[in-house]
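Tertiary structure, described
Read off the chains here:
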Amino acid sequence: AVPSLHGFSGDNGVVNAARSLAFSLTGLMAGSGLVLWVAVVAETVLRKEAMGFADVTLAGAIGAFCGWQGAVFALFGGAVAGVVWIGLACAVSGIFRVRRSAVLPAENEGGERVEPGFGARVPFGPMLAAGALLHVLVASEAVAAHFARAAALLGL
């Protein structure tokens, strides 16, 4: 509905709207598909639910707005943001002598709040959102240039 959101502007509104729709659908499928594959593989290896379907939906929405490059960046940028977040939570809890669960929410399989640790569930949605925000505010041009160089190397 808003082709300028995806960088398509000019006189030909119908063509730009179709391009914007294709861009959104490609990003939606790539984002949700990538996260769904990560979830399926992780569940196969761990033999328990590793990622909720809300993460798949959120990644699809990020892809629809940011394109497939933004969805890929949000997944990996979100993983990095999660590592930083968990590291900071551990550092803050150690420095200020507070329980880690006060800084970092985690739950067990029953949905009860527990201390973060191996096997505890930590929400990934905020981390995906942080990766998407990082892409939109800082890295969108660098990511696009990186994928353009990669395509040129592959001859695409």
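Above this note sits the structure.
Residues numbered from 1 in each chain as written. Predicted model: local features only at pLDDT ≥ 70, side-chain atom pairs only at ≥ 80, totals over all residues. Heavy atoms only, no water.

Some words on the overall build of the protein
The secondary structure content of the protein amounts to four helices and zero strands. Along the chain direction, N to C, the helices and strands of the protein fall in the order α-α-α-α. Across its three principal axes, the protein shows a C-alpha extent of roughly 60 × 35 × 35 Å. Every one of the 156 residues in the protein was classed for burial, and the buried ones make up 29%. Within the protein, residue pairs in contact and separated by at least 24 positions form 50% of the contacts whose partners lie at least 6 positions apart. Of the roughly 9,800 Å² of accessible surface on the protein, 69% is carried by carbon and sulfur atoms. With 9 positive and 9 negative side-chain charges, the protein shows a separation of 8 Å between the mean positions of the two kinds. (Helix = DSSP H or I, 4+ residues; strand = E, 2+ residues; numbered from the N terminus. Buried < 20%, exposed > 50% of the residue type's maximum accessible area, 1.4 Å probe, protein only. Contact = heavy atoms within 4.5 Å. Areas by Shrake-Rupley, 256 points an atom, 1.4 Å probe, with all protein chains shown as cover. Lys, Arg positive; Asp, Glu negative; His and termini not counted. Charge placed at Lys NZ, Arg CZ, Asp CG, Glu CD.)

Focus: helix α2 (residues 53-96)
The first and last C-alpha atoms of α2 sit only 35 Å apart over 44 residues, clearly below the 64 Å expected at 1.5 Å per residue. The sharpest bend along α2 measures roughly 135 degrees and falls at Cys66. Of the residues trailing α2, Arg97 is marked for its positive phi of about 55 degrees. (Expected span 1.5 Å × (residues − 1). Bend = angle between axes of the 7 residues up to and from the residue.)

A closer look at the pattern of salt bridges
Under the definition given, this model contains two salt bridges. A salt bridge links Glu109 to Lys48; the shortest N-O distance between them is 3.9 Å. On the criterion of sequence distance, the pair formed by Glu109 in the loop between α3 (100-103) and α4 (125-154) and Lys48 in the loop between α1 (13-46) and α2 is long-range, its members being 61 residues apart. Given a relative accessible area of 32%, Lys48 falls into the partly exposed group. Taking the shortest distance from any N to any O, the salt bridge between Glu49 and Arg121 comes out at 3.9 Å. Placement of Glu49 in the loop between α1 and α2 and of Arg121 in the loop between α3 and α4 is noted, with a sequence separation of 72 residues between them. For Arg121, a relative accessible area of 28% puts it in the partly exposed group. (Salt bridge = Lys/Arg side-chain N within 4 Å of Asp/Glu carboxyl O.)

A few points about the packing of α1 against α2
Where α1 contacts α2, the two axes come as close as 6 Å, and the packing angle between them is 115 degrees. Here α2 runs roughly perpendicular to α1, going by the angle between their axes. Between α1 and α2 lies a crossing whose hand is right-handed. Taken together, the residues of α2 that come into contact with α1 (itself represented by Phe23, Ser24, Thr26, Gly27, Leu28, Ala30, Gly31, Ser32, Leu34, Val35, Leu36 and Val38) are Asp55, Val56, Ala59, Gly60, Gly63, Ala64, Cys66, Gly67, Trp68, Ala71, Val72 and Leu75. The class makeup of the residues in the contact of α1 with α2 is 15 nonpolar, eight polar and one charged. (Axes fitted to C-alpha atoms, helices over the stretch in contact; angles between N-to-C directions. Parallel < 35°, antiparallel > 145°, perpendicular 65-115°, else oblique. Left-handed = near helix turned anticlockwise from the far one by under 90°. Nonpolar A, V, L, I, M, F, W, Y, C, P; charged D, E, K, R; others polar.)

Considerations on the nonpolar core
Counting residues in each nonpolar core, the largest one holds 13 residues, and the members touching the most others are Val35, Met51, Ile62, Ala74, Phe124 and Leu128. Residue assignment for this core shows that the elements contributing at least two residues are α1, α2 and α4. Among the elements that make up this core, the one with the highest residue count is α2 (six residues). (Core = buried A, V, L, I, M, F, W, Y, C linked by side-chain atoms within 4.5 Å.)

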